[in-house]
Amino acid sequence: MRAAAIFGPGCSEKDLEPFQKNSEATWVPHLPTHSEQADAILIFGGDGTVHRYLPQLVELRIPVLVVPCGSGNDFARVLGLRGLRHSLTAWHKFCSGVGNVRTIDLGVITQFISDLQAGEAPAPREHYFCCVGGVGLDAEIARRANRLPRWLRAHGGYVLSLPSALLGFAPVAMKIFSPDVENPDEFAARSTRPMMVVAFANTPTYGGGMKVAPRARLDDGKLDVCIIGQMNKFKLLCLFPSVFFGRHLGIREVEYFQTEWLRVETEEPRDVYADGEYVCRTPIEVSVAREALRVIVA
């Protein structure tokens, strides 16, 4: 058994010690460059750490075990890994050949950038995400939360950043397109109105447990899309606690649907965040990379 370890912010080789005990694994002190160099990869960190390594992990196809040590651990949570103990149990199962490896989907955000000097058509840039991406208020909340001290981010940073983000926020005029029912290869306008939030999800939760997409599944080949339309700011502030329980779907201003791909356009470029990290700016297309990542589960 050969295993590699990746350490996110605030983590070190000391966190690896429980996994080295009672294990005959040979440890690789860096991210493998070829799939033959390791049988497993352990990532010590949160959603942001996983996010940063997704392109390499997709290419390697090596089973990944997440040890939740970050400020946001929604990805680990959906895999049944709620803490060190769960990850350690999953590791011992994997080493004993239980076969607790699952193949899951990832989301893909494609940004289109025009090369005006060369006069070329827009060139796509793809960005993987494991949990949830969004445009609008939630992107502004993520931006503010990332400025908080790490300890504070891990203890309600998303919620703490909401009031200040909401104070100066104005609804964003967006156009949302999804596949046409009669011609699935073409886009059809889904919504063209001012919106507060557009979230596209691969997992049910983000922001430390908020069930923005309670029906999302990791292996269904679908994106779950939650749109919060224009509403009174006080009402929106009152709405957010219901998101922790997935009870926001019955509110009139909330639209929820599933799709295989999505296009988001705004009048002016707006920030796009995913897994709590800045990704790019609109316009974007969002799709699903089916069976893109192998993960070790509880």
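The preceding data block contains the structure.
Scope of this entry: the structure provided in the associated data block. (Residues numbered from 1 in each chain as written. Predicted model: local features only at pLDDT ≥ 70, side-chain atom pairs only at ≥ 80, totals over all residues. Heavy atoms only, no water.)

1. Brief notes about the packing of aromatic side chains
Aromatic ring pairs are defined here through the distance separating the ring centres and the angle between the ring planes. Quick note on the threshold: Ring pairs are drawn from Phe, Tyr and Trp, using the six-membered ring of Trp, whenever the two centres fall within 6.5 Å, and their geometry is named by plane angle: stacked under 30 degrees, edge-to-face over 60, tilted for the rest. Counting from the N terminus, the helices are the DSSP runs of H or I reaching at least four residues and the strands are the DSSP runs of E reaching at least two. Think of it in three bands: with a 1.4 Å probe and only protein chains considered, a residue is buried below 20% of the maximum accessible area for its type, exposed above 50%, and partly exposed in between. Each ring is checked for a lysine NZ or an arginine CZ that lies within 6 Å of its centre and within 35 degrees of its normal; such an atom marks a charge sitting over the ring.
The tally for this structure, following the rule as stated, stands at 7 aromatic pairs. When the centroid spacing of 5.9 Å and the interplanar angle of 65 degrees are considered together, the rings of F129 and F200 count as edge-to-face. Taken together, the positions of F129 in strand 6 (residues 123-129) and F200 in strand 9 (residues 187-201) put the pair 71 residues apart, joining distant regions of the chain. The exposure classification of F129 matches that of F200, with both residues buried. Residues Y273 and Y278 carry aromatic rings whose centres are separated by 5.7 Å and whose planes lie at 75 degrees to one another, so their mutual orientation is edge-to-face. With a relative accessible area of 10%, Y273 lands in the buried category. By way of ring pairs, the aromatic residues F7, F19 and F44 are connected into one cluster. Cation over ring: R190 sits above F257, and NZ or CZ is 3.7 Å from the ring centre. A cation over an aromatic ring shows up here: R247 above the ring of F245, its NZ or CZ 4.9 Å from the ring centre.

2. Regarding the pattern of salt bridges
Under the convention used in this document: Here a salt bridge means any side-chain nitrogen of Lys or Arg lying within 4 Å of a carboxyl oxygen belonging to Asp or Glu.
The final tally for this structure, using the stated rule, is 14 salt bridges. In this structure, D39 engages R2 in a salt bridge whose closest nitrogen and oxygen atoms are separated by 3.7 Å. Here D39, found in the loop between strand 2 (26-28) and strand 3 (40-45), pairs with R2, found in strand 1 (residues 2-7); they are 37 residues apart in sequence, far enough to count as distant. D39 gets classed as partly exposed once you look at its relative accessible area, which sits at 30%. Between R281 and D271 there is a salt bridge, with the nearest N and O atoms lying 3.0 Å from each other. Note that R281 is positioned in strand 14 (residues 277-281) and D271 in strand 13 (residues 271-274), a separation of 10 residues in sequence. Owing to a relative accessible area of 37%, R281 belongs among the partly exposed residues under this scheme. One network of salt bridges, in which partners are shared, links E140, R143 and R144.

3. Digging into the side chain of S87
Under the convention used in this document: The contact criterion used is simple: two residues touch if any of their non-hydrogen atoms lie within 4.5 Å.
Relative to the helices and strands, S87 resides in helix 4 (residues 84-95). Classification of S87 as buried rests on a relative accessible area of 0%. Setting aside residues up to four positions removed in sequence, S87 forms contacts with F19, L65, V66, V67, P68 and L81.

4. Considering the nonpolar core
For clarity, the cut-off: As used in this record, nonpolar core signifies buried Ala, Val, Leu, Ile, Met, Phe, Trp, Tyr and Cys residues forming a set joined through side-chain atoms within 4.5 Å.
Ranked by size, the top nonpolar core spans 92 residues in total, and within it F75, I109, L137 and F200 carry the most contacts. The biggest single contributor to this core is strand 15 (residues 284-296), with 8 residues.

5. Description of unusual backbone geometry
A cis geometry characterises the amide bond from T282 onward to P283, with omega recorded as 10 degrees. Structurally, P283 is set in the loop between strand 14 and strand 15.

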